[in-house]
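Structural features, examined
Here are the chains, one letter per residue:
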Number of protein chains: 4
Amino acid sequence: MPTTFLGSALRGTFFFAFGLWWSVRYPLKYLRRKGGAEGQPGRGHTEVFEGAVKAFFALVGILVEQFVPTGPHLQLYSPKTHSWTDLTHWHYSTIYLFFLLSGITDMVSHSPLKLPPGLDRLSLSLALLVEGEFVHGCDSSWHLHSLLAVAIFAGALCALLEVFHRDHIILETFRTSSFLLQGSWLWQIGFVLSPPWGGPGWDQTDSSNLLFLTMCFCWHYLGALATVAANAAASRWYEGVLAQRQDPEAEHDRRCQIFPCASL
Amino acid sequence: MPTTFLGSALRGTFFFAFGLWWSVRYPLKYLRRKGGAEGQPGRGHTEVFEGAVKAFFALVGILVEQFVPTGPHLQLYSPKTHSWTDLTHWHYSTIYLFFLLSGITDMVSHSPLKLPPGLDRLSLSLALLVEGEFVHGCDSSWHLHSLLAVAIFAGALCALLEVFHRDHIILETFRTSSFLLQGSWLWQIGFVLSPPWGGPGWDQTDSSNLLFLTMCFCWHYLGALATVAANAAASRWYEGVLAQRQDPEAEHDRRCQIFPCASL
Amino acid sequence: MPTTFLGSALRGTFFFAFGLWWSVRYPLKYLRRKGGAEGQPGRGHTEVFEGAVKAFFALVGILVEQFVPTGPHLQLYSPKTHSWTDLTHWHYSTIYLFFLLSGITDMVSHSPLKLPPGLDRLSLSLALLVEGEFVHGCDSSWHLHSLLAVAIFAGALCALLEVFHRDHIILETFRTSSFLLQGSWLWQIGFVLSPPWGGPGWDQTDSSNLLFLTMCFCWHYLGALATVAANAAASRWYEGVLAQRQDPEAEHDRRCQIFPCASL
Amino acid sequence: MPTTFLGSALRGTFFFAFGLWWSVRYPLKYLRRKGGAEGQPGRGHTEVFEGAVKAFFALVGILVEQFVPTGPHLQLYSPKTHSWTDLTHWHYSTIYLFFLLSGITDMVSHSPLKLPPGLDRLSLSLALLVEGEFVHGCDSSWHLHSLLAVAIFAGALCALLEVFHRDHIILETFRTSSFLLQGSWLWQIGFVLSPPWGGPGWDQTDSSNLLFLTMCFCWHYLGALATVAANAAASRWYEGVLAQRQDPEAEHDRRCQIFPCASL
């Protein structure tokens, strides 16, 4: 699938934004669940909102892919040339369609019309599997995309495990980091294959470039993990401040219990 | 394995029919289990009936494969030509034999002679694995068949997981969708490789055809998911109507609880 | 690894005998566990005996491989030819060494010196994995051996799952059937590659032979499943007779409960 | 990745030392947990210490890789030659960085700032996966390194399972043995590829060498298992001596219970 910088960057931003949002939301949820049952009531709303955002962007993506000037305008077969129209746009539309479905499932799952729990994770996993299959199946520039496929399949596998182990903080953290990785790697792909300042992309046949990109992928993942850790720490600090304001006495007691020396 | 349109369509209809049946049965079972223990007594009968239908069609399939005019008539080695007879018919017979076994296991599992639970799922999984191995192993027209193998192995893996996680609604839904996908994709294979209106099949070496078929496979799956969702919604509506007729009071109460505004 | 008929048949007999033994033992254990805690005390002895038999045959196998006239006689490097001695014998010795280890672990696990449960299954799984790796890695006559590797790895995976799901009757049945399959397939390999009546083996490059062997593998598995089913039925019948003799009253009651019409 | 004997041996020593340490620690932990809750208080300190050692050696490794005379001295791109500097050193630095992260996670997990349990195993698994990817991806001398990758991925998979099945003695034993195997195999790689007594490495194109190395890998694993078994036996003996000293009465009673004949 040929890549433009803009398309790659927009997709990357979408995944990175979701990763960032989760890297704040899941630690907060975990801390509140440990503290008490406080976080439960608001949870449904958050998931519905998340699903709506996902579905909205997927819908926008489909419309853009179809109706950009070079797009197929919903035409699949060109009678003039007796061949398929450019299928790349259709591929992306299909991927977005599965993310749209995932968004709708999220929204319906947490509506009063209760669906069996786990269906939202299954649909997310399916969307990632479809995305991964398309990315893995495209032959051009294989090394960059096979690394991307690693990030996508890691996320898909994690979402699939969450069908059975729901609300498992480790799985949620791992999924968050895989989304951050996918987002930042899509930016990297944009820079490598079609740099925004023009000029040709990197030489994909040079083996030292491939070695560097493999290493670079690991650094991206370290960056993703650092982001997750920083946001988790910030959530914990924020939660502590909040708890202290609401109940300075109790918070002081709790703190003394954890850091006995700090009570001096 | 060479494919005729009729054979592919009949096989497809079998899998699609099973998928449709499950897409009604499992949501009903789930709703009744949530409502109370009402669904349990009738369940054994349904599984026995299902097994009988499966075994009957598998048996018919074996007989047809063996005794069609071009079939091997139970002859494996032709002494005249000193070579094997056409093994395609034998391959299909072997696959059907495993489905026959799966049907018999279903029937015996739910007879008074109680077998350990999970044996029916294991035998279904084995039948799908054998089918998938034959489909995956045939070299001709590989892309179409490798997509079919994806649908088959997804179903096999799901049935295998059900050995351990029995009566898990998500797994049942996924298995249902994989059967619907397999059924509709077998129809697609029939149309692509040997169109019923005569003429040659599609050009399998054209890469844009392959790209289209990959995408088409995703659309088939979306169609399968839509079928599952529609039937689940219909089952829920039907269950609601039934509950209201049996006990209008209780149903009214329940409805008010879910949609408070509807009670006005 | 070059194969002789005798070697293949002896190995096959070993695995087949273990499969047969388990196909009687596990159903009996399951029935007794359902009936009450009766089967527990004797169980340790059976496992120790099984381990001793396994270890004994593995030891005999090692000695035979090393000290047959064409064997290496414990010599690994031949200083005369400045090359390794025939490594096939060493390969088999290594495989048997792991089965010896598995046998010893079985014996120690159920001795008064209690090891953590699951270690016996892990060591069996390791032995099968090592065997599968050697079988899969040998390049000659690949199709026959890759089918054998399927049977071996299926058994290894099953034993690995049993580390976590101990005493799961479905897993035990599946492992039993994989051993029966492996045993009978080793006999088939012997007949195909080096027929006992002399003459060359089958033509491995003929694709119809390969198709037939794939199908034949499925039939072997059907035979293995039939053996398991027949032995399970026989165990149940035997258990029923035994129960009736010990306590005719209770057995009559139990039977009436299951088949109410039979009490007339 | 080109290998020097010294580098391979140092890495091997690190993994072997960790394996040895665990082969003593885990049996002791298991015995104490079975005996009572005695082992729990000290456990956090051990894990923090382990993490500190891991992080320290990883940090030393990074510094050595960067600042040896032939190293890149933190320079990634050489402006003189307009190409990447030697990326091998950077690869190892990246691997060590993940082990550094794993060490830090160990330390933080067991600090008063309690992280969700399982995060330490996930980070260890990530470090091993990254190591395995680099080892598996390097094309030179593939057979030796693919065997190493087997040992690494086995350890990674085991650590991943421990996220869900924490404190499972079988998994801990298996992880220990995989570390011992990796350590001793790294020594073997050093001897094979760049013998310390000079001279060229083994001929990697000779198929009998490959067959021997496959077998040798199994023997290394047998050695690793023997080490684990010996250390477990020693820990049990030591624990028995300790228990007897602290409470000779109780120990005598316990011993009589296990070996009734020994009390005579």
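Structure's up top.
Everything in this summary refers to the structure shown in the same document. All figures in this text were calculated on a predicted structure; none of them were measured in a lab. (Residues numbered from 1 in each chain as written. Chains lettered and ligands numbered in written order. Predicted model: local features only at pLDDT ≥ 70, side-chain atom pairs only at ≥ 80, totals over all residues. Heavy atoms only, no water.)

Considerations on unusual backbone geometry
Residues and elements named next belong to chain A. So the rule is basically this: Numbered from the N terminus, helices here are DSSP runs of H or I no shorter than four residues, and strands are runs of E no shorter than two. When accessible area is computed with a 1.4 Å probe and restricted to protein chains, residues below 20% of their type maximum are described as buried, those above 50% as exposed, and intermediate ones as partly exposed.
One non-glycine residue, Asp 167, lies in positive phi territory at about 55°. Among the structural elements, Asp 167 can be located in the loop between α5 (142-164) and α6 (169-193). Here Asp 167 falls in the partly exposed class, since its relative accessible area comes to 25%.

Re the pattern of salt bridges
The following threshold applies: Salt bridge, as used here: a side-chain nitrogen of Lys or Arg that lies within 4 Å of a carboxyl oxygen of Asp or Glu.
Taken as a whole, this structure holds 48 salt bridges over all chains when the rule is applied. Between Lys 29 of chain A and Glu 172 of chain A there is a salt bridge; the shortest N-O distance is 3.0 Å. Residue Lys 29 of chain A is located in helix α1 (residues 5-35), and its partner Glu 172 of chain A is located in helix α6; the two are separated by 143 residues in the primary sequence. You'll find Lys 29 of chain A and Glu 172 of chain A in the same group, each marked buried. In this structure, Glu 50 of chain B engages Arg 25 of chain B in a salt bridge whose closest nitrogen and oxygen atoms are separated by 3.0 Å. One end of the pair, Glu 50 of chain B, is in helix α2 (residues 40-67); the other, Arg 25 of chain B, is in helix α1 (residues 5-35), and 25 residues separate them in sequence.

A look at the relation of the copies chain D and chain C
Counted only if it meets this: Superposition of the copies used a least-squares fit over C-alpha atoms from residues whose pLDDT is at least 70 in both.
Laying chain D over chain C is done by rotating through 90° and shifting 0.0 Å along the axis; what remains is an RMSD of 0.1 Å. The relationship between the two copies is best expressed as a four-fold rotation axis.

As for the interface of chain D and chain C
Counted only if it meets this: Contacts between residues were defined by any pair of non-hydrogen atoms, one from each residue, lying within 4.5 Å. Buried area adds together the accessible area that both of two parts lose upon being put together, with accessible area traced by a 1.4 Å probe. N or O atoms closer than or at 3.5 Å make up a polar contact, with two conditions inside protein: a donor-capable atom paired with an acceptor-capable one, and, for residues adjacent in sequence, both atoms drawn from side chains.
Each partner contributes to the interface: chain D provides 23 residues, whereas chain C provides 23 residues. The largest share of the area that chain D buries against chain C comes from Ile 170, Met 215 and Leu 222 of chain D, three residues that together contribute 26% of it. Across the chain D-chain C interface, the total number found is zero salt bridges. At the boundary of chain D with chain C, the tally comes to three residue pairs in polar contact (both at pLDDT 80 or more). Counting only elements with at least two residues in the side of chain D that touches chain C, the list comes to α5 (142-164), α6 (169-193) and α7 (207-246) of chain D. Looking at the side of chain D that touches chain C element by element, the count peaks at 12 residues for α7 of chain D.

Overview of the packing of helix α4 (residues 119-137) of chain D against α5 of chain D
Residues and elements named next belong to chain D. The cut-off we apply is this: Lines fitted to C-alpha atoms define the axes here, with helix axes fitted over just the stretch in contact, and angles between the N-to-C directions of these axes take values from 0 to 180 degrees. Throughout this description, any angle smaller than 35 degrees is read as roughly parallel, any larger than 145 degrees as roughly antiparallel, any in the 65 to 115 degree range as roughly perpendicular, and the remainder as oblique. Left-handed describes a crossing in which the near helix is turned anticlockwise from the far one by less than a right angle; the clockwise case is right-handed. In this classification, the charged set is Asp, Glu, Lys and Arg, the nonpolar set is Ala, Val, Leu, Ile, Met, Phe, Trp, Tyr, Cys and Pro, and all remaining amino acids, among them Gly, are polar.
The contact between α4 and α5 brings their axes to 8 Å, and the two run at 160°. One element, α4, and the other, α5, form an angle in the roughly antiparallel class. The way α4 lies across α5 gives a crossing that is left-handed. Taking contact as the criterion, the partners of Arg 121, Leu 122, Leu 124, Ser 125, Leu 128, Leu 129, Glu 131, Gly 132, Glu 133, Val 135 and His 136 in α4 are, on α5, His 145, Leu 148, Ala 149, Ile 152, Phe 153, Gly 155, Ala 156, Ala 159, Leu 160, Glu 162 and Val 163. Taken together, the residues of the contact of α4 with α5 sort by class into 13 nonpolar, five polar and four charged.

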